[in-house]
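Chain and residue survey
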Amino acid sequence: MESPAGGPESEAVSIAAERRWTIVVVAIVALLVLMMIVTGLHWASMPPSRVETVDVKTVHVRGEFVESNLGTAVASDGKVTVRLIAQQYSFVPQCIVVPADLPVTFRGTATDAIHGFIVGRTNANTMLIPGFVSTFTTSFHATGELLMPCHEYCGTGHEAMWGRVQVLPADEFLAKARAGERLSCVPR
């Protein structure tokens, strides 16, 4: 019987090619595993420097996120800070007032599950994880009211977890902020 075209030579070439590809694939997998190990060990010994934590059991009782400290405030240096808490199935405060065209720093946490929010058609988007403080700074360029839904599934009431952000002209916002109390657009 005759061997197929090329005979034992083509079989040897085929085996050599398969071995080369096997070596290449094993090398790639080994490199990826090595990268995962090195990265894991590096992050385990040197965690990110801006990690802030809070005790979820006492977050409402003491510290930065007590109820009287939630909402929008203007510091003596003029910096605008919004503090909020996410909990099933609401944001506290439910409605936030911010100025247009000024930097606004958001600081938030969650008390029970992973939550998140995105503010309308802006780049304000973050996750809120129990025990950790999420911080970011953004500016709002258009006045009006924006919706702020929770974008991380948090349970059966998730679809009803909405907040609002009211963007006021900077001069109107600063006039209201002079009173020294936290600003919120929730009716009292």
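What comes next concerns the included structure. (Residues numbered from 1 in each chain as written. Predicted model: local features only at pLDDT ≥ 70, side-chain atom pairs only at ≥ 80, totals over all residues. Heavy atoms only, no water.)

**Digging into the sheet that holds strand 9 (residues 144–149)**
Whether parallel or antiparallel, the strands of a sheet pair through hydrogen bonds between backbone atoms. Here is the rule we go by: Paired strands, as defined in this entry, are two strands with at least two bridges between them according to DSSP. By definition, any uninterrupted DSSP run of H or I lasting at least four residues is a helix, any uninterrupted run of E lasting at least two residues is a strand, and each is numbered from the N terminus. With axes taken as lines fitted to C-alpha atoms, and helix axes fitted only over the stretch in contact, angles between N-to-C directions fall between 0 and 180 degrees.
Across the sheet, three strands lie side by side as 4-10-9; this open sheet has mixed pairing. Here the strands that pair on one side only, and so sit at the sheet edges, are strand 4 (95–99) and strand 9. Across the sheet, the mean angle separating the axes of adjacent strands is 25° when strand polarity is ignored. Pairing between strand 4 and strand 10 (residues 162–168): five bridges, direction parallel. Bridge pairing links Val-98 to Val-167 in strand 10.

**Description of the nonpolar core**
Put simply, the rule reads: Among buried residues, the Ala, Val, Leu, Ile, Met, Phe, Trp, Tyr and Cys ones that are joined through side-chain atoms within 4.5 Å form a nonpolar core. Partly exposed describes any residue whose relative accessible area lies between the buried limit of under 20% and the exposed limit of over 50%, with all areas from a 1.4 Å probe on protein chains only and scaled to the type maximum.
Leu-84, Phe-91, Val-98, Phe-106, Phe-117, Val-119 and Phe-140 are the most contacted members of the largest nonpolar core, which totals 31 residues. Counting residues per element, the ones that place at least two in this core are strand 2 (80–87), strand 4, strand 5 (103–110), strand 9, strand 10 and helix 2 (170–177). By size, the runner-up hydrophobic cluster in this structure holds five residues, among which are Val-59, Phe-65, Leu-70 and Ile-85.

**Considerations on unusual backbone geometry**
A cis amide bond links Gln-88 with the next residue in sequence, Tyr-89, at an omega value of -10°. Of note, the amide linkage connecting Val-92 to Pro-93 takes the cis form, showing an omega dihedral of 0°. Along the polypeptide, Pro-93 turns up in the loop between strand 3 (90–92) and strand 4. The backbone of Asp-101 sits at a positive phi, close to 60°, despite the residue not being glycine. Examined against the element boundaries, Asp-101 turns out to sit in the loop between strand 4 and strand 5.

**Points about the pairing of strand 5**
By the criterion of burial, strand 5 is predominantly enclosed, with six of the eight residues buried. Bridge count for strand 5 against strand 8 (residues 134–139) is six bridges, and the pairing is antiparallel. Bridge assignment links Gly-108 to a residue of strand 8, and that residue is Ser-134.

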